[in-house]
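Listed below are the residues making up each chain.
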Amino acid sequence: MPRLRVALTVVGVAGVASLLLAAFLDLPDFGSVPHPYGARAVEAALDQQTANAVSSVMFDQRGMDTLGEEFILFTAAVGAMLLLRRLADETEADRLDAHHLGAGVFEAVRLVGMLMFPITLLVGAYVVVHGQVSPGGGFQGGVILASGLHVAYLAGDIPVLRRLRSLTAVDVAEAVAASGFVAVGLVAMAAGSAFLENVLPKGRLTDLLSGGTVPLLNVVTGVEVTAALVLLVGKFLEQGLLTGAAHEDSDA
Amino acid sequence: MSSALLDVAMVATMLLVGAAALGVVLTSDPVRQAIVLAAYGLLLGVLFLLWQAPDVAMAQLAVGSVIVPLIVVLTIVTTARETRRPRDRPGSEGD
């Protein structure tokens, strides 16, 4: 049986590898000017008044793929929450204060964390709302926002994180934002176009409000990614630091 | 950046990414590996930036050098504790 499995694997890997190789050999040359895909994508992006061609590709030209990507993260967060939920025989430390973690943080780290916390949140929000005019967007900004919230943890501010992860608002935000993406697509259908077609006024190239539905989808994605990552990392933090932590006193 | 200088930077970053990837594989201690992984993620972000993919670079920096190493370290903390001391029954310990 194992031999059969190995043989099947070899056949499968060889098949995929030869197909990939054939596809790679047929690709346009690296860095060729003008690039057949690049030229078309940029032209379409400019037609839609979206200065950041990457955002145009992701949220306009192939919004359906991005919807799938968004739900990958949504599903991952839901799965982690299910797997890492507190079981009936697990205890959660209530008394989690300076004694446990805050005291182990250097003053300098704490200071830098406090300074970086608002800056990171601001940068994250900027990256989300400027996705249509400059590099970034909902995914990148959302990840920065979620990292920013965990800077508070690195700075030793556990209560902030505790309050955050107990907020049902984060759960609700994730679900609402994930369905918001679908809602934008359905609005386009109600307007008589295809699902996720860019039906809003496009505005003027490089204006903050340009690109039609692209900024809207960026914001929705930004909220979804932030909420999903806060839930995801929050669950891991909870498991690593809080659950069962009552038994830990000598751990540094 | 002049084109020749950019070429040098691109090749240098590629070699560094390769070396860092090897470093990740050769690091056997998972905690150290998480740190090496973060450094590798940072270099990969620089590579994407030089290849004119700032959008991907941004996501790579945040996910590859912050979120993933953080989750790895937290998982190690949890599993190390579980293997060192099996979980007690509820209420058996007052603390």
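Residues numbered from 1 in each chain as written. Chains lettered and ligands numbered in written order. Predicted model: local features only at pLDDT ≥ 70, side-chain atom pairs only at ≥ 80, totals over all residues. Heavy atoms only, no water.

Student: Help me understand helix α5 (residues 107–129) of chain A in this model?
Tutor: Working note: α-helix, 3.6 residues per turn, so residues spaced by three or four point in the same direction. Residue and element names in this part refer to chain A. In this model, α5 (23 residues) spans 34 Å end to end at C-alpha, consistent with the 33 Å of a helix rising 1.5 Å per residue. The largest bend along α5 measures about 30 degrees and falls at methionine 116, with the proline proline 118 one to four residues further on. All of the buried residues in α5 are Gly113, Thr120, Gly124, Val127 and Val128. (Helix = DSSP H or I, 4+ residues; strand = E, 2+ residues; numbered from the N terminus. Expected span 1.5 Å × (residues − 1). Bend = angle between axes of the 7 residues up to and from the residue. Buried < 20%, exposed > 50% of the residue type's maximum accessible area, 1.4 Å probe, protein only.)

Student: Would you mind showing me how to read the pattern of salt bridges here?
Tutor: Residue and element names in this part refer to chain A. As enumerated under the stated definition, the model contains four salt bridges over all chains in all. Between arginine 62 and glutamate 69 there is a salt bridge; the shortest N-O distance is 3.2 Å. Owing to a relative accessible area of 32%, glutamate 69 belongs among the partly exposed residues under this scheme. Its salt-bridge partner being aspartate 207, residue arginine 204 comes within 3.5 Å of it at the nearest N-O pair. On the basis of relative accessible area, arginine 204 is assigned to the exposed category, the value being 59%. (Salt bridge = Lys/Arg side-chain N within 4 Å of Asp/Glu carboxyl O.)

Student: How do you make sense of the environment of glycine 148 of chain A when you look at a structure like this?
Tutor: Residues and elements named next belong to chain A. Position of glycine 148 relative to the elements: it lies in helix α6 (residues 138–154). Each C-alpha atom of the pair glycine 148 and alanine 191 lies 38 Å from the other, and the pair is 43 residues apart in sequence. Discounting chain neighbours no more than four positions away, the residues touching glycine 148 are Phe117, Thr120 and Leu121. (Contact = heavy atoms within 4.5 Å.)

Student: Explain the packing of aromatic side chains here, please?
Tutor: The geometry of two aromatic rings is summed up by the distance between their centres and the angle between their planes. Residues and elements named next belong to chain A. The full count for this structure, using the stated rule, is two aromatic pairs over all chains. When the ring of phenylalanine 59 is compared with that of phenylalanine 181, the centres are 6.3 Å apart and the planes differ by 35 degrees; the resulting orientation is tilted. With a gap of 122 residues between them, phenylalanine 59 in helix α3 (residues 53–61) and phenylalanine 181 in helix α8 (residues 168–190) connect regions that are remote in the sequence. Across this residue pair, the class does not change: phenylalanine 59 and phenylalanine 181 are buried. Taken together, a centroid distance of 5.5 Å and an interplanar angle of 65 degrees make the contact between phenylalanine 71 and phenylalanine 74 edge-to-face. Of this pair, phenylalanine 71 and phenylalanine 74 are both found in helix α4 (residues 63–83), three residues apart, which corresponds to roughly one turn of the helix. Judged by its relative accessible area of 29%, phenylalanine 71 is partly exposed. (Phe/Tyr/Trp six-rings, centres within 6.5 Å; stacked < 30°, edge-to-face > 60°.)

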